[in-house]
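Residue-level structure breakdown
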Amino acid sequence: MSLLEVKKVSRFFGGITAVKDVSFEITKGEILGLIGPNGAGKTTVFNVVNGFYPPSRGEVFFKGERISGLKPHQICQRGLARTFQVVKPLQRMSVLDNVVASAFLRAKDRKEADTIAADVLNFTALYDDRNVISKGLPLGKRKRLEIARALATQPDLLLLDESFAGLNPSELDESIQIIRNIKKRGITIMIIEHHMKVIMSISDRIVVLNYGEKIAEGSPLEIGKNPLVVEAYLGEAQSA
Amino acid sequence: MKRYITYIVLGLLALLPLLGLNSYLMHILILVIMWSVIGMAWNLLSGYCGQVSFGHAAFFGVGAYTAGMLYSKLGISGWWGFPASVFVVAVFALGIGYICLRLRGPYFALATLSMGVIFRIVAENLVGVTGGDLGIMIRERTWIDKTWYFYIILIVAAATYYLVRKVIESKLGYYFVAIREDQDAAESLGINTTKYKTIALILSAVITGFAGVFYTNYMGYIDPKVVFALHDISIITIMVVMVGGVATYWGPVVGAIIMVLLAEAIRSIPKLGTAHHTLFGVLLIVIIIFLPNGIVGDFSKLKRLFGMRRPAP
Amino acid sequence: MSSVNLEVLLQTLISGVLLGGLYALIALGMTIIMGVMKIINLAHGELMMVGMYIAFVLFSWLHIDPYLSVFIAAPALFVLGVGLQKFLINPVMKVDAILPENQVILTVGIGMVLANLATIIFQSDYRQTPVSYATKAWYLTDLWKGAPLELSLSFPWSVSFTIAVLITACLWFFLAKTDTGKSIRATAQDLDAALLMGVNVERMRVITFGLGSALVGAAGCLFIPIYYIYPDIGGQFTLISFVITILGGLGSTVGAILGGLILGLFESLTATYIGMGWAPVGRFMIFVAVLIFIPGGVASLLRSRKFGK
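So, how was this worked out
- Residues numbered from 1 in each chain as written.
- Chains lettered and ligands numbered in written order.
- Predicted model: local features only at pLDDT ≥ 70, side-chain atom pairs only at ≥ 80, totals over all residues.
- Heavy atoms only, no water.
- Helix = DSSP H or I, 4+ residues; strand = E, 2+ residues; numbered from the N terminus.
- Rg over C-alpha atoms; globule rule 2.2 N^0.38 Å.
- Buried < 20%, exposed > 50% of the residue type's maximum accessible area, 1.4 Å probe, protein only.
- Areas by Shrake-Rupley, 256 points an atom, 1.4 Å probe, with all protein chains shown as cover.
- Lys, Arg positive; Asp, Glu negative; His and termini not counted.
- Charge placed at Lys NZ, Arg CZ, Asp CG, Glu CD.
- Contact = heavy atoms within 4.5 Å.
- Expected span 1.5 Å × (residues − 1).
- Arc of directions from axis to C-beta.
- Disulfide = S-S within 2.5 Å.
- Phe/Tyr/Trp six-rings, centres within 6.5 Å; stacked < 30°, edge-to-face > 60°.
- Buried area = accessible area lost by both parts, 1.4 Å probe.
- Salt bridge = Lys/Arg side-chain N within 4 Å of Asp/Glu carboxyl O.
- Polar contact = N/O pair within 3.5 Å; in protein donor to acceptor, adjacent residues only side chain to side chain.
- Nonpolar A, V, L, I, M, F, W, Y, C, P; charged D, E, K, R; others polar.
- Axes fitted to C-alpha atoms, helices over the stretch in contact; angles between N-to-C directions.
- Left-handed = near helix turned anticlockwise from the far one by under 90°.
- Patch = residues over 30% accessible without salt bridge, like charges linked within 9 Å, V, L, I, M, F, W, Y side chains within 5 Å.
- pLDDT = per-residue confidence, 0-100.
- Core = buried A, V, L, I, M, F, W, Y, C linked by side-chain atoms within 4.5 Å.
- Parallel < 35°, antiparallel > 145°, perpendicular 65-115°, else oblique.
- Pairing = 2+ DSSP bridges.

A few words on the overall build of chain A. When its secondary structure is counted, chain A shows nine helices and 10 strands. Its C-alpha atoms give chain A a radius of gyration of 18 Å, within 12% of the compact-globule value 18 Å for 240 residues. Its C-alpha atoms put chain A at 50 × 40 × 35 Å along the principal axes. Burial analysis of chain A (240 residues in total) assigns 54% to the buried set. Carbon together with sulfur atoms contributes 52% to the accessible area of chain A, which is approximately 10,200 Å² in total. Charge-centre separation for chain A: the mean point of 33 positive side chains lies 4 Å from the mean point of 27 negative side chains.

Below you can see the structure in the form of structure tokens.
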């Protein structure tokens with residue numbers, strides 16, 4: 001059974017159509033890549049799925065339950081967590097406190113929250129930085145803190161918005177390994193990524209958006225050969 | 001040592017009346033403690049949860065009027081205001097929260113400011129209910145001596161301090177600070193921001209209302225201009241915490257000491273009476289520019305500043 | 001409806017519109033500051049008070065007509081606004097503090113200082129400028145002998161209203177047609193984009209704060225012939241302009257004008273039919289109603305109709 005179903009979702013802002021009639025499904029346990037040129041509507045799809053915007057048309061189902069129209073915190077409580085492309089750490093809190101704050105969603109008390117947080121920090125290799133005030137973290141670690149925080153809510157589905165952008169090669173390898181380990185823990189992942197090599201290597205399936213519409217869907221191999229996709233990206237390369 | 005400092009301070013304070021201080025000094029002490037309570041309450045909502053209120057006079061006034069009206073309408077002791085105000089203030093806070101908490105940042109601040117003004121105008125105009133501009137006078141004072149008032153407000157302050165600490169170290173506190181730091185992030189981490197902001201508001205309001213109840217019983221007279229005052233209550237509340245230290249445990253206490261002493265000092269300068277807000281305004285500007293996190297919050301900065309002034313060896 | 005009742009209603013509506021026009025001018029100053037700087041200037045009403053005292057002093061010492069003193073008060077307030085923004089507000093915008101509302105609290109401090117300096121200089125007495133035309137008015141029956149109703153139009157109110165409309169028109173022209181005006185609008189709409197386009201954002205902020213102060217200073221001069229002054233008068237106008245900006249839609253200039261008119265009419269109606277003391281309550285009831293029912297203000301209603309949301 002599919003974990004998440006996005007059914008004919010559209011989202012308008014004033015007169016602008018950011019996303020139009022997009023449908024796709026995510027199966028439990030897979031990594032779904034969401035790609036497309038700049039302004040294709042990827043982050044808008046995330047914001048609709050995560051509840052920041054209600055869809056203008058269409059519906060979203062999670063674990064068979066309709067979640068479109070719910071608030072982000074209600075959706076998170078149902079087991080869907082996300083990261084932000086522009087990182088939003090709780091600036092004046094330490095790395096540990098950031099993660100503890102989100103661990104409280106499932107934890108009964110402070111002790112349990114601490115345990116969850118310690119586990120997640122170990123898992124994302126941030127444990128040594130736990131007492132650093134998050135404002136002072138370098139970008140690579142702040143991106144990882146986003147992931148750690150989302151994981152601390154113990155989600156079934158994790159939405160990652162450009163968690164690899166701006167990382168150096170060694171951080172990149174580390175992050176890819178973390179994503180693979182998350183998958184091993186049985187957490188389903190949807191990921192937006194610009195880095196084509198990364199997305200091709202870790203995704204099980206890929207959905208391609210362009211101008212707010214879905215133009216292709218398939219395995220990385222199929223997507224790589226799809227002329228529509230190649231054209232969309234070439235178009236971007238030329239205009240850039 | 002540090003763990004016991006709270007108890008030591010509290011113990012010393014409790015022994016103070018034994019020194020036989022005169023009535024004026026007791027009055028100053030009582031005011032300092034009362035303002036610490038209001039400051040701690042404001043700090044909970046604004047310092048920790050980041051929802052800056054410019055209208056705490058509304059809660060102070062509702063608390064004060066709860067006590068006053070129990071006396072004037074029902075003829076029972078104003079001290080019953082303590083239990084009654086919990087309910088009354090919470091209901092008003094819920095209403096204000098429902099209206100204002102949908103606004104963010106500075107817009108919330110101004111919306112609460114307007115609420116404080118609305119409350120004052122309504123209290124002035126609903127003469128049948130509040131007595132209007134004439135106010136409420138409590139004719140039979142409970143005690144002439146100030147000692148008991150001192151102990152009552154000290155107990156309120158100690159309880160408030162304890163409550164704030166407990167709240168901030170618990171899940172609530174983490175959620176409050178998360179909301180302050182980034183509301184969108186907090187929301188997406190499963191925090192029902194509206195709910196927790198409302199909780200912070202109600203806690204803060206009820207504590208402020210307690211201070212209002214105490215004020216009525218202690219001063220024996222209230223009117224809308226005094227207890228719903230924008231400058232003399234709402235803004236001074238902000239200043240107490242800003243001067244002392246935003247989002248610190250001891251900031252409101254330090255701020256209350258400074259503000260009350262300053263107000264008294266300024267009052268003692270002849271011919272300055274009407275203009276004492278000028279100095280408050282200047283102090284506020286100076287603090288915001290140089291010590292944006294207050295004396296306690298920027299203590300390290302202060303130490304450095306004074307360290308630098310020392311002549312080089 | 002009897003003709004007396006109709007007369008009262010029409011008279012109330014007229015004074016509502018006249019008051020609304022002046023309110024709009026006050027709120028415009030706050031709106032453009034809010035749009036560009038994303039802060040609420042709580043010293044707004046106090047700046048207006050400064051404008052009023054300038055007009056008052058010019059009138060009582062040099063016998064300069066308050067309407068002429070617009071040309072002195074507005075530039076003076078512009079300079080004051082620029083100074084406040086440059087030396088107080090701008091540094092605070094760069095300071096890292098736990099509460100981003102520091103800037104708003106700072107403007108409270110500025111307002112307190114201004115109001116109290118006025119108290120020190122002028123004492124807290126109510127003062128008036130006894131202009132010769134204060135009670136002059138046009139009557140409908142003078143112009144039209146057989147008029148079935150008697151309506152009057154106060155001379156100073158009409159002049160103030162007309163000047164307010166003229167200033168608003170100038171502001172519109174400035175924002176729409178000049179380069180600086182366009183840069184200000186760009187900064188208000190999208191800060192990052194404006195930065196990318198090479199707009200000197202820092203300068204725009206300084207100019208905007210000066211401009212907002214000048215507008216409200218001019219409004220102060222217009223109020224002088226029809227109102228009295230005292231040092232603490234500012235606070236109520238700060239609140240009025242805030243209520244209007246919420247009513248109109250945050251940062252929307254058209255909204256501020258409409259909001260000003262709506263509030264003026266509403267206050268005038270409450271004062272006539274419920275009682276003078278309740279006019280401020282009516283003001284805040286509108287405010288609360290808008291927050292609950294149309295959170296985006298009047299401007300959002302206009303917008304959604306245009307795009308057929």
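Quick look at the overall build of chain B now. A count of helical and extended segments in chain B gives 16 helices and two strands. For chain B, the spread of C-alpha atoms along the three principal axes comes to 65 × 55 × 40 Å. Residues counted as buried form 58% of the 313 residues belonging to chain B. Considering only contacts within chain B whose residues lie at least 6 apart along the sequence, 77% involve residues at least 24 apart.

On to helix H6 (residues 169–184) of chain A. All names here are of chain A. For H6, which comprises 16 residues, the first-to-last C-alpha distance of 23 Å matches the rise-based estimate of 22 Å (1.5 Å per residue) to within 8%. Considered for burial, the residues of H6 that qualify are Glu-171, Leu-172, Ser-175, Ile-176, Ile-178, Ile-179 and Ile-182. In a view along the axis of H6, the buried residues occupy a sector of 160°, so they form one face of it. Away from its buried face by more than 90 degrees, H6 exposes Pro-169, Ser-170, Asp-173 and Lys-184. Just past H6, the residue Gly-186 takes up positive phi, approximately 90°.

Moving on: the state of the cysteines. The final tally for this structure, using the stated rule, is zero disulfides over all chains. In this structure Cys76(A) is a free cysteine whose sulfur lies 18 Å from that of Cys49(B), the closest cysteine sulfur available. Its relative accessible area of 1% is what places Cys76(A) among the buried residues. Free of any disulfide, Cys100(B) has its nearest cysteine sulfur in Cys49(B), 14 Å distant.

Let us look at the packing of aromatic side chains. Enumeration according to the criterion identifies 33 aromatic pairs over all chains in this entry. Taking the centre distance of 5.4 Å and the plane angle of 85° together, the rings of Phe223(C) and Tyr227(C) count as edge-to-face. Relative accessible area serves as the criterion here: at 23%, Tyr227(C) is assigned to the partly exposed category. Their ring planes at 55° and their centres at 5.7 Å tell us that Phe242(C) and Phe287(C) sit as a pair that is tilted. With Phe242(C) in helix H10 (residues 234–248) and Phe287(C) in helix H12 (residues 279–293), the pair connects residues that are 45 residues apart, well separated along the chain. Relative accessible area serves as the criterion here: at 1%, Phe287(C) is assigned to the buried category. Here a set of aromatic residues connected by ring pairs shows up, and it is made of Trp79(B), Phe82(B), Trp143(B), Trp148(B), Tyr149(B), Phe150(B), Tyr151(B), Phe210(B), Phe214(B) and Tyr218(B).

A few words on the interface of chain C and chain B. With 37 residues of chain C in contact, the opposing surface of chain B contributes 44 residues. Buried area between chain C and chain B, both sides added, is near 3,700 Å², and the carbon and sulfur share of it is 83%. Applying the counting rule to chain C against chain B returns zero salt bridges. Our enumeration of links across chain C and chain B arrives at one residue pair in polar contact (both at pLDDT 80 or more). For the side of chain C that touches chain B, the secondary-structure elements that each account for two or more residues are helix H3 (70–94), helix H4 (102–122), H10 and H12 of chain C. Among the elements that line the side of chain C that touches chain B, the one with the most residues is H4(C), at 13 residues. In terms of residue class, the side of chain C that touches chain B is made up of 29 nonpolar, five polar and three charged.

Before going further, it helps to examine the packing of helix H12 (residues 230–244) of chain B against helix H14 (residues 276–290) of chain B. The angle between the axes and the distance between the axes are what describe a pair of packed helices. Residue and element names in this part refer to chain B. Contact pair H12 / H14: the axes reach a minimum separation of 10 Å and the direction vectors enclose 35°. For the pair H12 and H14, the sense of crossing is left-handed. Contacts from His-231, Asp-232, Ile-236, Met-239, Met-242 and Val-243 of H12 reach H14 at His-277, Phe-280, Leu-283, Leu-284, Ile-287 and Ile-288. In terms of residue class, the contact of H12 with H14 is built from nine nonpolar, two polar and one charged.

A word on a nonpolar patch on the surface. Residues Tyr4(B), Tyr7(B), Ile8(B) and Leu12(B) make up a contiguous nonpolar surface patch of about 460 Å² in total accessible area. Structurally, Ile8(B) can be placed in helix H1 (residues 5–15).

Moving on: the confidence of the model for chain B. Residue and element names in this part refer to chain B. Averaged over chain B, the pLDDT score is 88; the fraction of residues at 70 or greater is 95%. Within chain B, the element-level pLDDT minimum falls on helix H16 (residues 299–309), averaging 67, and the maximum on helix H10 (residues 193–219), averaging 96. Confidence drops under pLDDT 50 across residues 309–313; counting only partners more than four residues distant or on other chains, this segment forms zero contacts. At the level of chain-chain contacts, confidence expressed as ipTM amounts to 0.88, with global pTM at 0.87.

Let's shift gears to the nonpolar core. Among the nonpolar cores identified, the biggest contains 253 residues, and Met34(B), Phe54(B) and Phe223(C) are the most heavily contacted of them. Considering every element that reaches this core, the biggest residue donor is helix H2 (residues 23–48) of chain B, with 17 residues. Among all residues touching Phe54(B), those that are not within four sequence positions of it are Ala109(B), Thr112(B), Leu113(B), Leu230(B), Ser234(B), Ile235(B), Ile238(B), Leu42(C), Val104(C), Ile105(C) and Val108(C). Leu34(A), Val45(A), Leu159(A) and Ile192(A) belong to the second-largest nonpolar core, a separate cluster that totals 27 residues.

Counting from both sides, the interface comprises 24 residues of chain A and, opposite them, 18 residues of chain B. When residues of chain A are sorted by the area they lose upon contact with chain B, His73(A), Leu90(A) and Phe104(A) head the list and together hold 30% of the total. At the boundary of chain A with chain B, the tally comes to three salt bridges. Of the charged contacts in the structure, one is a salt bridge between Arg92(A) and Glu181(B), with a shortest N-O distance of 2.9 Å. Taken together, the elements giving at least two residues each to the side of chain A that touches chain B come down to helix H2 (72–77), helix H3 (95–103) and helix H5 (139–152) of chain A. Grouping the constituent residues of the side of chain A that touches chain B by class yields 11 nonpolar, six polar and seven charged.

Moving on, we get to the packing of helix H7 (residues 147–169) of chain B against helix H8 (residues 171–181) of chain B. Residue and element names in this part refer to chain B. Axis separation between H7 and H8 bottoms out at 4 Å; the angle between their running directions is 75°. In terms of orientation, H7 and H8 fall into the roughly perpendicular class. Note on element contacts: H8 touches H7 through Lys-171, Leu-172, Gly-173, Tyr-174 and Phe-176, opposite Val-167, Ile-168 and Glu-169. When its residues are assigned to classes, the contact of H7 with H8 shows five nonpolar, one polar and two charged.

Here we take up the sheet that holds strand S8 (residues 188–192) of chain A. Residues and elements named next belong to chain A. The strand order across the open sheet formed by six strands is S6-S7-S8-S3-S9-S10, and the pairing between neighbours is mixed. With one partner strand each, in any of the chains shown, strand S6 (80–82) and strand S10 (213–218) form the two edges of the open sheet. On average, adjacent strands in this sheet sit at an angle of 15° to one another, irrespective of strand direction.

Looking now at the side chain of Ser102(A). Residue position: Ser102(A) is located in helix H3. We classify Ser102(A) as buried; its relative accessible area is 0%. Sequence-distant contacts of Ser102(A), that is, excluding residues within four places in its chain, are made with Arg149(A), Ala152(A), Thr153(A) and Leu189(B).

Let us look at the sheet that holds strand S4 (residues 57–62) of chain A. Residues and elements named next belong to chain A. Across the sheet, which stays open at both edges, the four strands sit in the order S2-S1-S4-S5 with antiparallel pairing between neighbours. A single partner strand is all that each edge strand has here, and the edge strands are strand S2 (16–27) and strand S5 (65–66). When S4 meets S5, the two strands line up antiparallel, connected through two bridges. Within S5, the position partnered with Phe-62 by the bridge is Glu-65. Where helix H1 (residues 42–50) meets the sheet, it contacts strand S1 (2–13), S2 and S4, and its direction lies at approximately 115° from that of S1.

Residues and elements named next belong to chain A. Positive phi outside glycine occurs at Gln-154, with the angle close to 50°. Relative to the elements of secondary structure, Gln-154 occurs in the loop between H5 and strand S7 (157–161). Even without glycine at this site, Glu-162 takes up a positive phi of about 50°. Within the secondary structure layout, Glu-162 lies in the loop between S7 and H6.

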